[in-house]
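Chain by chain, the residues run as shown.
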Amino acid sequence: MSTQAEIQDILRPYVERHSDLVLIGRAVILRPIRHLMCGYCVDRTSVPHMSRPFWFANLAYLLIPNTGFLWDSGDAPRWRDIRAENFQDRLFARMDLAFAQLRKFNEAVDTFDIELPMNRDLKPDSLVQGLTRVARGDLEGAEPFLLSELAYQTRDLADRLDFIAKYRRRGSKPWQRDMWIHDRRSKVRANNLVLIDLVAKRDRIGAANLLREWERLYVRAWKAEKHWISSPFPFEAGSVGP
């Protein structure tokens, strides 16, 4: 396992060469952040001195703040031992290639005319399909995807409650973990309902403002608020202040 301090020492020289990058935790983030967060992460593993480097891209307007990864480059390279003599040079070479593509994503995101490669070639799920259509202003096209996601969320919460009810010891660590997951997913469903209401009313400006509020919460979870610019979506006229 590699420590965050070790990883930051390795990544810092790369960040210092590029004015549009910032180091946050184990990740190098492309700035400014608008509707999409792009970056390169050197994650930890359970093996001493080993790491998992990968590029990633996330929608910033997800239903609930998180620090996970929506799209990433998949399997880690085999040269991930941070003690290797050429680790930093090879890492920086791969980061050059990654950021050359990620900068295109970041520049194109305001027109939503890109198709990001997802890990293991997974197709975007109904939630991603719905959110990106809202961001384009296509509320009619977004509605069936968001309703499909709502139906899944409702079934999932009911199934999880049935499972939690089978615990013999209320208050045990596994019980607490499952209750935390249930509460978090309940919040996701509640946020989806708010968005669905705006979509059903064809309130594009209201929906855009809601997505921007979710962006604000998202970058706060990443501790990246000062690198975020509150931006208009493509269908909006005029500009949106910070």
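Quick caveat, the model's predicted, so the values are computed rather than measured.

K.L.:
So what's going on with the pairing of strand β4 (residues 51-59)? Which residues, and what values?
P.N.:
As a general feature of sheets, a regular strand has side chains that alternate between the two faces. β4 sits mainly inside the fold: eight of its nine residues count as buried. With nine bridges joining them, strand β3 (residues 36-44) and β4 adopt antiparallel strand pairing. The residue bridging C38 from the neighbouring strand is A57, located in β4. Hairpin connection of β3 to β4: six residues between the antiparallel strands, including H49 at a positive phi of 65°.

K.L.:
Describe the pattern of salt bridges, listing the residues and the values that go with them.
P.N.:
For the structure on display, the rule yields eight salt bridges. Measuring nitrogen to oxygen at the nearest pair gives 2.8 Å for the salt bridge that ties D178 to R160. Residue D178 is found in helix α5 (residues 173-200), and its partner R160 is found in helix α4 (residues 139-164); the two are separated by 18 residues along the sequence. For D178, a relative accessible area of 9% corresponds to the buried category. Given a relative accessible area of 18%, R160 falls into the buried group. The salt bridge involving K201 is made with D197; its shortest N-O contact spans 3.1 Å.

K.L.:
Residues and numbers for unusual backbone geometry, please.
P.N.:
A cis amide bond links R31 with the next residue in sequence, P32, at an omega value of 0°. Within the element layout of this structure, P32 appears in the loop between β2 (27-30) and β3. Phi angles above zero are rare outside glycine, and R202 is one such case at about 55°. Note on placement: R202 falls in the loop between α5 and α6 (204-221). Of note in the backbone geometry, K223 takes a positive phi value of approximately 60° without being a glycine. Relative to the elements of secondary structure, K223 occurs in the segment after α6.

K.L.:
Tell me about the packing of aromatic side chains, and name the residues and values.
P.N.:
A complete count under the given rule lists six aromatic pairs for this structure. Consider the rings of F163 and Y167, whose centres lie 5.7 Å apart with planes at 80°: the pair is edge-to-face. Among the residues examined, Y167 registers a relative accessible area of 23% and is labelled partly exposed. Through a chain of ring-to-ring contacts, the aromatic side chains of Y14, F92 and F99 assemble into a single cluster. Positioned above the aromatic ring of F54 is the side chain of R52, whose terminal nitrogen or guanidinium carbon lies 4.1 Å from the ring centre.

K.L.:
Outline the side chain of S172, supporting the account with residue identities and numerical values.
P.N.:
Among the structural elements, S172 can be located in the loop between α4 and α5. Side-chain polar atoms of S172 contact the backbone oxygen of R169, separated by 3.1 Å.

K.L.:
Give a detailed account of the packing of α4 against α5, specifying residues and quantitative values.
P.N.:
The geometry of α4 relative to α5 is characterised by a closest axis approach of 9 Å and an angle of 155° between their N-to-C directions. Classified by the angle their axes make, α4 and α5 are roughly antiparallel. Once α4 is placed against α5, the crossing between them reads as left-handed. Class assignment for the residues of the contact of α4 with α5 results in 18 nonpolar, five polar and seven charged.

Conventions used here
- Residue positions are given per chain, counting from 1 as you read along its sequence in written order.
- Since the coordinates come from a predicted model, pLDDT governs what is reported: local features require at least 70, and pairs of side-chain atoms require 80 or more to be given and counted, while whole-chain, interface and lining totals use all residues.
- The side-chain numbers reported here are obtained from all heavy atoms of the structure, hydrogens and water having been left aside.
- Categorising residues by exposure relies on relative accessible area from a 1.4 Å probe, with only protein chains included: less than 20% of the type maximum marks a residue as buried, more than 50% marks it as exposed, and the intermediate range marks it as partly exposed.
- Counting from the N terminus, the helices are DSSP H or I runs at least four residues long and the strands are E runs at least two residues long.
- Note: two strands are recorded as paired if DSSP finds a minimum of 2 bridges between them.
- By definition here, a salt bridge exists when the distance from a side-chain nitrogen of Lys or Arg to a carboxyl oxygen of Asp or Glu is within 4 Å.
- Any two rings among Phe, Tyr and Trp, with Trp reduced to its six-membered ring, count as a pair given centres within 6.5 Å; such a pair is stacked if its planes are under 30 degrees apart, edge-to-face if over 60, and tilted if neither.
- Definition used: whenever NZ (Lys) or CZ (Arg) falls within 6 Å of the ring centre and also within 35 degrees of the ring normal, the charge is taken to sit over that ring.
- Pairs of N or O atoms are called polar contacts if they sit within 3.5 Å, as long as, within protein, a hydrogen donor faces a hydrogen acceptor (for residues adjacent in sequence, only side-chain-to-side-chain pairs).
- Axes here refer to lines fitted to C-alpha atoms; in helices the fit is confined to the stretch in contact. Angles between the N-to-C directions go from 0 to 180 degrees.
- Should an angle fall under 35 degrees it is taken as roughly parallel, and over 145 as roughly antiparallel, whereas 65 to 115 is taken as roughly perpendicular and any remaining angle as oblique.
- By convention the crossing between two helices is left-handed if the near helix lies anticlockwise of the far one by an angle smaller than a right angle, and right-handed if it lies clockwise.
- Here the nonpolar group is Ala, Val, Leu, Ile, Met, Phe, Trp, Tyr, Cys and Pro; Asp, Glu, Lys and Arg are the charged ones; every other residue, Gly included, is treated as polar.

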